[in-house]
There are 2 protein chains.
Amino acid sequence: MPATPFLAVDLEVLDANIERTAAWSADRGIALRPHVKTHKCPEIALRQRDAGGSGMTVATIGEAEVFAQAGFDDLFIAYPLWIDEERHARLRRVSEWAVVTVGIDSAEGARRLVGSGVSALVEVDSGHHRTGVDPREAGELAAAAVAVGLPVVGVFAFPGHSYAPGGREEAAHSEADALLRAATSLRDAGVEPHVVSGGSSPSLAATGVGLSEVRPGVYVVNDAQQWELGACSTEQIALSCHATVVSHAGGRLILDAGSKVLGADRPLWASGSGRLLDEPQARILSLSEHHAVVDMRGGPLPGLGTVVRVVPNHACNAINLVDELFVVADGTVVDAWPVTARGLNA
Amino acid sequence: MPATPFLAVDLEVLDANIERTAAWSADRGIALRPHVKTHKCPEIALRQRDAGGSGMTVATIGEAEVFAQAGFDDLFIAYPLWIDEERHARLRRVSEWAVVTVGIDSAEGARRLVGSGVSALVEVDSGHHRTGVDPREAGELAAAAVAVGLPVVGVFAFPGHSYAPGGREEAAHSEADALLRAATSLRDAGVEPHVVSGGSSPSLAATGVGLSEVRPGVYVVNDAQQWELGACSTEQIALSCHATVVSHAGGRLILDAGSKVLGADRPLWASGSGRLLDEPQARILSLSEHHAVVDMRGGPLPGLGTVVRVVPNHACNAINLVDELFVVADGTVVDAWPVTARGLNA
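What you see is a predicted model, and the numbers here were worked out from it, not measured in a lab. (Residues numbered from 1 in each chain as written. Chains lettered and ligands numbered in written order. Predicted model: local features only at pLDDT ≥ 70, side-chain atom pairs only at ≥ 80, totals over all residues.)

(A) Representation of the overall build of chain A in the model. Counting its secondary structure elements, chain A contains 10 helices and 17 strands. Relative to the globule expectation of 20 Å for 346 residues, the C-alpha radius of gyration of chain A, 21 Å, shows essentially globular dimensions. Taking all 346 residues of chain A together, the buried fraction comes to 59%. By sequence separation, contacts in chain A at least 24 residues apart represent 65% of the contacts at least 6 residues apart. (Helix = DSSP H or I, 4+ residues; strand = E, 2+ residues; numbered from the N terminus. Rg over C-alpha atoms; globule rule 2.2 N^0.38 Å. Buried ≥ 20, exposed ≤ 12 C-beta atoms within 10 Å, placed from the backbone. Contact = placed C-beta atoms within 7 Å.)

Listed below in structure tokens is the structure:
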């Protein structure tokens, strides 16, 4: 085994997650466009495509470049890019390899994309209150973009408010409602919304009505957030950090995995800074950069040198910390996959 | 300029931080052993050494390997390592290039280090309640380590409880008290405490009495945590993330810097998920992976495409996300330094 701490993906669980979600999508006739920002790893994206994913979703031009080079020919950059000349040239190059669609939420941002070879989806705020226009204004923005020469092919939203206990169904419903109104707004403005795109991993089960595609990311490996939101079972968690017990100081359990391999994500509703996959009653009280302090909550204290599996709170940020993911099958490391798009924020 | 978001270090501020802290240490006759986990960058460590840092502190064997190869010949791994055969061999190799000291907080952990060529410092819990023994038990552990053949040269603590509003002085005092008691405990057990090592960036100003060396890390660049704890002024912040305004959706200010370049650190006492260096009244309400949502709190809304400087909450975790640090002098990028030890958690 590699030296701890390292991130490992359980191949059987990974493939089961991919198959189950592909089947869910096929059953409903909704295209599945997985968000590869979660894993940044072409090997995993290939398995998603083989199971029936149509195109892929990415977050940055850098990710688009990596996945276009890896042979993916239909990429949606789900972000309202603000591009300068250099990024315009990069987009033009990627557009020669793949069909590229980009998010827009302002007329100024849209104008800059003209001539880069991309089409656009209007981003709609469905209640997450981050980026995206009011659904009623989607048609006006679409028409403005088309008028300056940027093709607009539909609308998209990200229901990030699904990341709240008990909020998954409501987020899916508000998203469907916002996307429906945005699509109508586009039609009223004379722009046909071929693509109506939404979905997040927590809200996926309640998503579907009126959408032409979904873009979940985390579902492929899951994490402690999905676990605590009730969006997955522990049997569906493919990602874990193998960590060694290094100290029993003061009767505490200290692991050699900290925020530099797990990420520092800790939403206020989370029960801790990650979970132990094989000790569901335990809680990670705090993380330092190279320490996790664990409360076993009545479970036996694992001995010094024991290796345990920690589930990060947020898979996307954990994987973005490592250069390779170790692949585990039947309890053995059988491969290591490069996280090719790691760190590509621009 | 590179494409945003990118991390930049202001050379003039960096050098001033290095000089000021080296002078502080020289004035008091306390050795300065900077913790290079903050920057993982040999170029910065060389500047720290040139200003009068004695040895360097690292957190992992991987960091020790990088800095030993870069020519640093006195390294303290401030961590209670639990080593197997492979790590034993790695330590032995590093010990051929450098004087290596390692933390211990258990007799079992200490026994495994025997024959690896390292000496040890006993870690003491001074109130942070993470790793480290009770100060009164330090002598017993030191004697046990010496008895099995591991040289013990002193004691160390990390006053992590200095990371709390109003807690800096109290943390420094409880640390000094714990280290004094631990040193006495060693002497009583017949082990001479040549090294009495402590210090964190927040508590540094109140640190000194009874210590032979200090190991601050973040002071070299500072961050929003140090700013909000009152441990630095804004003029002493050398690290920022250059980020572009990409959206004004809903009247909000959205930047292209998120948790994948700033880190997700947000202690409960922090006022937000980082700060804007040039807009001290503003607050970062939330971070996604590629978005910061900013409340300007009455300040004018920067226009789309404007580049602003974001100060991460936690410099160590932010720098560990990037492969290079851009070096800024007089407002221009003049160099890029590799973050050579990035991701070396093992």
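Read on for the rest.
(B) Broad picture of the interface of chain B and chain A. Opposite the 51 residues of chain B that make contact, chain A presents 51 residues. Secondary structure elements with two or more residues in the side of chain B that touches chain A: β4 (74-80), α4 (85-97), α5 (107-113), β10 (239-247), α9 (259-262) and α10 (315-319) of chain B. Here the residues of the side of chain B that touches chain A are counted per class, giving 18 nonpolar, 22 polar and 11 charged. (Nonpolar A, V, L, I, M, F, W, Y, C, P; charged D, E, K, R; others polar.)

(C) Spatial organisation of the domain arrangement of chain A. Residue and element names in this part refer to chain A. Split by domain assignment, chain A resolves into domain 1 (12-217) and domain 2 (226-338). A C-alpha centroid distance of 31 Å is found between domain 1 and domain 2. Listed per partner, the contact involves 17 residues of domain 1 and 15 residues of domain 2. For the side of domain 1 that touches domain 2, the class distribution of residues is 7 nonpolar, 5 polar and 5 charged. (Domains from an automatic or database assignment.)

(D) Quick peek at the relation of the copies chain B and chain A. The operation relating chain B to chain A is a screw motion whose rotation component is 180 degrees, with 0.0 Å of axial translation and a residual RMSD of 0.0 Å. The superposition operator between the copies reduces to a two-fold rotation axis. Rotation axis and chain B: the residue whose C-alpha lies nearest the axis is Ala264 of chain B, separated from it by 2.5 Å. Here 100% of the interface residues in chain B have copies in chain A that are interface residues too; the copies meet face to matching face. (Least-squares fit on C-alpha atoms with pLDDT ≥ 70 in both.)

(E) Inspection of the nonpolar core at higher detail. Membership of the largest hydrophobic core comes to 224 residues, with the highest contact counts inside it found for Val122 of chain A together with Val122 of chain B. Leaving out residues up to four positions away in the same chain, Val122 of chain B has contacts with Ile104, Val133, Ala138, Leu141, Ala142, Val152, Val155 and Ala182 of chain B. (Core = buried A, V, L, I, M, F, W, Y, C linked by C-beta atoms within 7 Å.)

(F) Expanded view of the pairing of strand β1 (residues 6-10) of chain B. Residues and elements named next belong to chain B. The element β1 is largely enclosed, with a buried count of 4 among its 5 residues. Note: β1 against strand β16 (residues 324-329), 3 bridges, orientation parallel. Directly across from Ala8, in β16, lies its bridge partner Phe326. (Pairing = 2+ DSSP bridges.)

(G) Structural detail: helix α3 (residues 61-69) of chain A. Residue and element names in this part refer to chain A. Among the 9 residues in α3, 7 count as buried, and that is most of the element. For α3, the full list of buried residues reads Ile61, Glu63, Ala64, Glu65, Val66, Phe67 and Ala68. Tucked into the core, α3 has its buried residues touching α2 (42-50), β3 (56-58), β4 (74-80), α4 (85-97) and β5 (99-104). Where α3 ends, the next residue or the one after it, Gly71, has phi of about 100 degrees, a positive value.

(H) A look at the environment of Glu65 of chain B. Residue and element names in this part refer to chain B. Take Glu65: it is sitting in helix α3 (residues 61-69). Classification of Glu65 by C-beta neighbours within 10 Å gives buried; the count is 20. Separated by 273 residues in the primary sequence, Glu65 and Pro338 place their C-alpha atoms 16 Å from one another. Leave out the neighbours within four places in its chain, and Glu65 touches Arg90 and Val94.

(I) Focus on the packing of helix α6 (residues 138-148) of chain B against helix α7 (residues 168-188) of chain B. All names here are of chain B. Packing of α6 against α7 leaves a shortest axis separation of 7 Å and a crossing angle of 45 degrees. In terms of their interaxial angle, α6 and α7 are classed as oblique. Regarding α6 and α7, the two cross each other, and that crossing is right-handed. Residue-level contacts link Ala138, Gly139 and Ala142 of α6 to Ala182, Ser185, Leu186 and Asp188 of α7. Each residue belonging to the contact of α6 with α7 can be placed in one class, and the counts come to 4 nonpolar, 2 polar and 1 charged. (Axes fitted to C-alpha atoms, helices over the stretch in contact; angles between N-to-C directions. Parallel < 35°, antiparallel > 145°, perpendicular 65-115°, else oblique. Left-handed = near helix turned anticlockwise from the far one by under 90°.)

(J) Spotlight on the environment of Gln281 of chain B. Position of Gln281 of chain B among the secondary structure elements: in the loop between β12 (275-276) and β13 (283-287). Remark: the alpha-carbon pair of Gln281 of chain B and Arg297 of chain B, spanning 16 residues in sequence, is separated by 6.3 Å.

(K) Broad picture of the sheet that holds strand β9 (residues 213-214) of chain B. The strand order across the open sheet built from 8 strands is β2-β9-β8-β7-β6-β5-β4-β3 (chain B), with neighbouring strands paired in parallel fashion. Each edge of the open sheet carries a strand with a single partner, namely β2 (31-32) and β3 (56-58) of chain B.

(L) Region of the structure containing the sheet that holds strand β7 (residues 152-156) of chain A. Residues and elements named next belong to chain A. Taking strand neighbours across the sheet as the criterion, the 8 strands line up as β2-β9-β8-β7-β6-β5-β4-β3 in an open arrangement whose pairing is parallel. The open sheet terminates on both sides in strands that have one partner only, identified here as β2 (31-32) and β3. Direction of pairing for β2 relative to strand β9 (residues 213-214): parallel, over a ladder of 2 bridges. Paired with Leu32 across the bridge in β9 is Val214.

(M) Up close: the packing of α3 of chain B against α4 of chain B. Residue and element names in this part refer to chain B. Two elements in contact, α3 and α4, have axes whose closest approach is 10 Å; the angle formed by their N-to-C orientations is 25 degrees. As judged from the angle between their axes, α3 and α4 are roughly parallel. Classified by chirality, the crossing of α4 by α3 is left-handed. Contacts from Ile61, Ala64, Glu65 and Ala68 in α3 reach Arg87, Arg90, Leu91, Val94 and Trp97 in α4.

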